Amino acid sequence: MSETETENPHAAVVQKAARAMTRASLLVTPPVVLVCIVVFAIVFGQAGFLGSLVGGALALLASLSTLGMMRFSAGQDPMFVMVIALGGYVVKVVLLFAALTLLKGVTALHPLSLGITMIVAILVAAAVEFAAFRKTKIPAIIPAGS
């Protein structure tokens, strides 16, 4: 057990959830991205392949960055955790917007392939992470009268 987990008993719970969510996301999302890459390569050729590859990579990085922030902030004060969560979300959205803006004029990338792959990968990752979180045995306090 690390020093952080000894100081804050909730850190172990958050780390456990983050591990389960990361494992589930890495098991399901890359194969889905691979299917998108194959489909768009067949339909739109090399531009579809490259667009889908870039979209999948961006989506996987965005998803894993959220789980990384969760692990990083596990032992912190709850207020700091919220700052990291909200700040990290804003930074991630801005970076994705900047990346997509820079890629807008790249003719080697098929934009529809890139966009659809990103949407599919992000939605699949979110659904799988949610399912893994729900399956993880995490102690919870349910207030009386609820």
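Conventions we followed
Residues numbered from 1 in each chain as written. Predicted model: local features only at pLDDT ≥ 70, side-chain atom pairs only at ≥ 80, totals over all residues. Heavy atoms only, no water. Helix = DSSP H or I, 4+ residues; strand = E, 2+ residues; numbered from the N terminus. Buried < 20%, exposed > 50% of the residue type's maximum accessible area, 1.4 Å probe, protein only. Contact = heavy atoms within 4.5 Å. Patch = residues over 30% accessible without salt bridge, like charges linked within 9 Å, V, L, I, M, F, W, Y side chains within 5 Å. Areas by Shrake-Rupley, 256 points an atom, 1.4 Å probe, with all protein chains shown as cover. Salt bridge = Lys/Arg side-chain N within 4 Å of Asp/Glu carboxyl O. Lys, Arg positive; Asp, Glu negative; His and termini not counted. Charge placed at Lys NZ, Arg CZ, Asp CG, Glu CD. 1 Å grid on protein atoms, 1.4 Å probe; cavity = no way out; pocket = protein on both sides within 12 Å on 5 of 7 lines; lining within 4 Å. Points joined across faces, edges and corners; volume = space filled by probe spheres on them. Nonpolar A, V, L, I, M, F, W, Y, C, P; charged D, E, K, R; others polar. Expected span 1.5 Å × (residues − 1). UniProt positions renumbered as here; feature names shortened; annotations may be inferred.

Comments concerning the overall build of the protein chain
(1) Moving on: Scanning the protein chain from N- to C-terminus turns up 4 helices and 0 strands.
(2) Moving on: Tracing the protein chain from N to C terminus, the helices and strands come up as α-α-α-α.
(3) Moving on: By residue count, 30% of the 146 residues in the protein chain fall in the buried class.
(4) Moving on: Considering only intrachain contacts with a sequence separation of at least 6, the fraction spanning at least 24 residues in the protein chain is 79%.

Describing a positive patch on the surface
(1) Moving on: Among the surface-exposed residues, Lys16, Arg19, Arg23, Arg71 and Lys137 lie close enough to one another that they form a single positively charged patch.
(2) Moving on: Here Arg23 shows up in helix α2 (residues 9–72).
(3) Moving on: Overall, Arg23 belongs to the exposed group, its relative accessible area being 52%.

Points about the layout of surface pockets
(1) Moving on: The volume enclosed by the largest pocket comes to roughly 380 Å³.
(2) Moving on: Taken together, 19 residues make up the lining of the largest pocket; nearest its centre are Val14, Met70, Ser73, Val81 and Ala85.
(3) Moving on: For the lining of the largest pocket, the secondary-structure elements that each account for two or more residues are α2 and α3 (78–103).
(4) Moving on: Ranked by the residues each element gives to the lining of the largest pocket, the list is headed by α2, at 7 residues.
(5) Moving on: By residue class, the composition of the lining of the largest pocket is 11 nonpolar, 5 polar and 3 charged.
(6) Moving on: Of the volumes computed, that of the second largest pocket is approximately 150 Å³.
(7) Moving on: Lining the second largest pocket we find Ala62, Ser63, Thr66, Lys92, Leu96, Ile122, Ala125, Ala126 and Glu129.
(8) Moving on: Of all the elements in the fold, those that place two or more residues in the lining of the second largest pocket are α2, α3 and α4 (111–135).
(9) Moving on: It is α4 that provides the largest number of residues to the lining of the second largest pocket, a total of 4 residues.

Considerations on the environment of Gly88
(1) Moving on: In this fold, Gly88 is placed in helix α3.
(2) Moving on: A sequence separation of 23 residues divides Gly88 from Ser65, and the C-alpha atoms of the two residues are 8.5 Å apart.
(3) Moving on: Not counting the four nearest positions on each side in its chain, Gly88 is found in contact with Met69 and Val83.

Focus: α4
(1) Moving on: In this model α4 runs 36 Å from its N-terminal to its C-terminal C-alpha over 25 residues, within 8% of the 36 Å that 1.5 Å per residue would give.
(2) Moving on: For α4, the set of buried residues is Ser113, Leu114, Thr117, Met118, Ala121, Ala125, Val128, Glu129 and Ala132.

Some details on the UniProt feature "transmembrane region" (unreviewed entry) in the protein chain
(1) Moving on: Per the UniProt record, the feature "transmembrane region" (unreviewed entry) sits at residues 24–43, 49–67, 79–100 and 112–133.
(2) Moving on: Measuring from the first to the last C-alpha atom of residues 49–67 gives 27 Å, for a span that is 100% helix and 0% strand.
(3) Moving on: Split by type, residues 79–100 is 100% helix and 0% strand. Its first and last C-alpha atoms lie 32 Å apart.

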